[in-house]
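Here is how the chains run, residue by residue.
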Amino acid sequence: MLTIQNLSTSYGQIKAIKGISLEVPAGKIVSLIGANGAGKTTTMRTIAGQLSPQSGTITFQGQRIEGWKPHKIVKAGLALVPEGRAILGKMTVQENLEMGAFQRKDPAGIKEDMEKMMTWFPILKERRNQLGGTMSGGQQQMLAIARALMSRPKLLLLDEPSMGLAPLVVSDIFKVITQINREGTTVLIVEQNVKQALKIADYGYVLEAGKIVLEGTGESLLNDERVKEAYLGGRKHA
Ligand code: ATP
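Treat the numbers as computed from the prediction; the structure is a model and nothing was measured. (Residues numbered from 1 in each chain as written. Predicted model: local features only at pLDDT ≥ 70, side-chain atom pairs only at ≥ 80, totals over all residues. Heavy atoms only, no water.)

(A) Here's a closer look at the site of the ligand. Near the ligand there are 14 residues, and of these Asn36, Gly37, Thr41, Thr42 and Glu160 occur at the shortest range. For the ligand, an oxygen atom lies 2.7 Å from a polar atom in the backbone of Thr41. One nitrogen or oxygen atom from the side chain of Gln192 is found 3.1 Å from an oxygen atom belonging to the ligand. Notes on the ligand: free accessible area 630 Å², of which the protein chains cover 63%. Of all the secondary-structure elements, those providing two or more residues to the shell around the ligand are β2 (14-24) and α1 (40-47). If one sorts the elements of the shell around the ligand by residue count, α1 sits on top with three residues. Residue composition of the shell around the ligand, grouped by class: five nonpolar, six polar and three charged. (Near = heavy atom within 4 Å. Polar contact = N/O pair within 3.5 Å; in protein donor to acceptor, adjacent residues only side chain to side chain. Areas by Shrake-Rupley, 256 points an atom, 1.4 Å probe, with all protein chains shown as cover. Helix = DSSP H or I, 4+ residues; strand = E, 2+ residues; numbered from the N terminus. Nonpolar A, V, L, I, M, F, W, Y, C, P; charged D, E, K, R; others polar.)

This is the structure in structure tokens:
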């Protein structure tokens with residue numbers, strides 16, 4: 001579904017990603033893991049069209065999309081749940097969801113998806129008229145995911161969905177992601193919560209200082225000595 005080849009993105013003189021290649025097959029969950037500053041967010045923002053790559057290609061469902069504007073990429077079927085969620089704090093839950101569908105022109109379908117989101121995320125139904133900014137971190141993450149789903153993406157990009165959330169909430173978020181994937185949406189997730197991200201992944205990549213240094217099935221990476229030592233060795237996410 002998504003193929004990235006030799007992608008590089010810089011901020012001025014700073015090379016944040018340096019020629020990475022990865023693949024996200026249709027129907028799968030792929031995790032990109034790495035420490036702070038490894039280049040995970042830069043990768044996601046480049047795929048979503050918020051940053052322009054220096055070089056390399058991004059092919060989504062057979063079309064080259066690098067350099068496209070973000071709204072065109074959303075329209076093509078690729079939605080990003082950004083790091084930090086970016087909930088519209090002064091808008092209600094329902095209005096936030098409507099924003100996710102802003103490019104769609106099928107009111108009946110939007111209504112149907114709105115109700116589907118309310119069923120998938122009961123907390124959003126309960127809090128339908130509450131302002132986004134007054135929701136808890138976990139609730140905002142659910143809202144951010146639901147809002148992205150309102151564009152009916154074929155591929156959902158999730159940038160550190162577990163960030164800043166309590167362990168029980170993190171586990172709920174990962175359950176939701178698995179469920180979304182079972183319902184037919186392909187997922188690319190970047191995470192510092194390596195254990196959870198690899199547990200749900202069909203395939204994973206390890207990013208270090210802007211380069212892919214290791215890849216394999218989620219299970220093989222979880223059992224890899226290098227991954228264990230660098231990311232699971234009794235540290236906070238282990
Ligand atoms: P984190 O988990 O901390 O968000 P990350 O893996 O997502 O880390 P990026 O945010 O992609 O990493 O950052 C990769 C590199 O690019 C880092 O060295 C970072 O300092 C640098 N960088 C990120 N954003 C900018 C920016 N706007 N201007 C300059 N350098 C940046």
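(B) View of the side chain of Glu66. As for its placement among the helices and strands, Glu66 is situated in the loop between β5 (63-64) and α2 (70-76). A polar contact is formed between the side chain of Glu66 and the backbone nitrogen of Ile58, at a distance of 2.9 Å. A polar contact of 2.6 Å, which involves the side chain of Glu66, links it to the side chain of Arg64. With residues near it in sequence (within four places) discarded, Glu66 still touches Pro53, Gly56, Thr57 and Ile58. (Contact = heavy atoms within 4.5 Å.)

(C) Focus on the sheet that holds strand β6 (residues 78-81). If you trace the six strands from one edge of the open sheet to the other, you get β6-β7-β8-β3-β9-β10, paired in mixed fashion. The two strands at the open ends of the sheet, each matched to only one other strand, are β6 and β10 (211-217). Going from strand to strand, the sheet's axes swing by 15° on average, the running direction of each strand aside. Relative to strand β8 (residues 186-191), strand β3 (residues 29-33) runs parallel, the two sharing five bridges. The residue bridging Ser31 from the neighbouring strand is Ile189, located in β8. Lying over the sheet, helix α6 (residues 137-149) contacts β6 and β7 (155-159), oriented at roughly 165° with respect to β6. Running over the sheet, helix α10 (residues 225-232) touches β9 (203-208) and β10 and is turned about 60° from β9. (Pairing = 2+ DSSP bridges. Axes fitted to C-alpha atoms, helices over the stretch in contact; angles between N-to-C directions.)

(D) Highlighting the pattern of salt bridges. According to the stated counting rule, one finds ten salt bridges in the structure shown. A salt bridge links Glu126 to Arg127; the shortest N-O distance between them is 3.5 Å. For Glu126, a relative accessible area of 60% gives the class exposed. For Arg127, a relative accessible area of 26% puts it in the partly exposed group. Where Glu225 meets Lys228, a salt bridge forms, and the shortest distance between an N and an O atom there is 3.7 Å. (Salt bridge = Lys/Arg side-chain N within 4 Å of Asp/Glu carboxyl O. Buried < 20%, exposed > 50% of the residue type's maximum accessible area, 1.4 Å probe, protein only.)

(E) Examining the packing of helix α3 (residues 93-100) against α6 more closely. Where α3 meets α6, the axes come as close as 7 Å, and the angle between the chain directions of the two elements is 35°. The crossing of α3 and α6 is right-handed. Every residue of α6 that contacts α3 at Val93, Asn96, Leu97 and Gly100 is listed here: Leu143, Ala146 and Arg147. Here the residues of the contact of α3 with α6 are counted per class, giving four nonpolar, two polar and one charged. (Left-handed = near helix turned anticlockwise from the far one by under 90°.)

(F) The arrangement of the sheet that holds β2 in detail. The strand order β2-β1-β4-β5 describes an open sheet built from four strands, whose pairing is antiparallel. Where the open sheet ends on each side, the last strands, each with one partner, are β2 and β5. In terms of strand pairing, strand β4 (residues 55-60) meets β5 through two bridges, oriented antiparallel. Across the sheet, residue Phe60 finds its bridge partner in β5, namely Gln63. Where α1 meets the sheet, its contacts fall on β1 (2-11), β2 and β4, and the angle it forms with β1 comes to roughly 115°.

(G) Summary view of the packing of α6 against helix α7 (residues 167-182). Interaxial distance between α6 and α7 falls to 10 Å at its minimum, and their mutual angle equals 15°. Looking at the two axes, α6 sits roughly parallel to α7. The handedness of the crossing between α6 and α7 is right-handed. Two secondary-structure elements touch here, α6 through Gly138, Gln141, Met142, Ile145 and Leu149 and α7 through Val169, Asp172, Ile173, Val176 and Ile180. (Parallel < 35°, antiparallel > 145°, perpendicular 65-115°, else oblique.)

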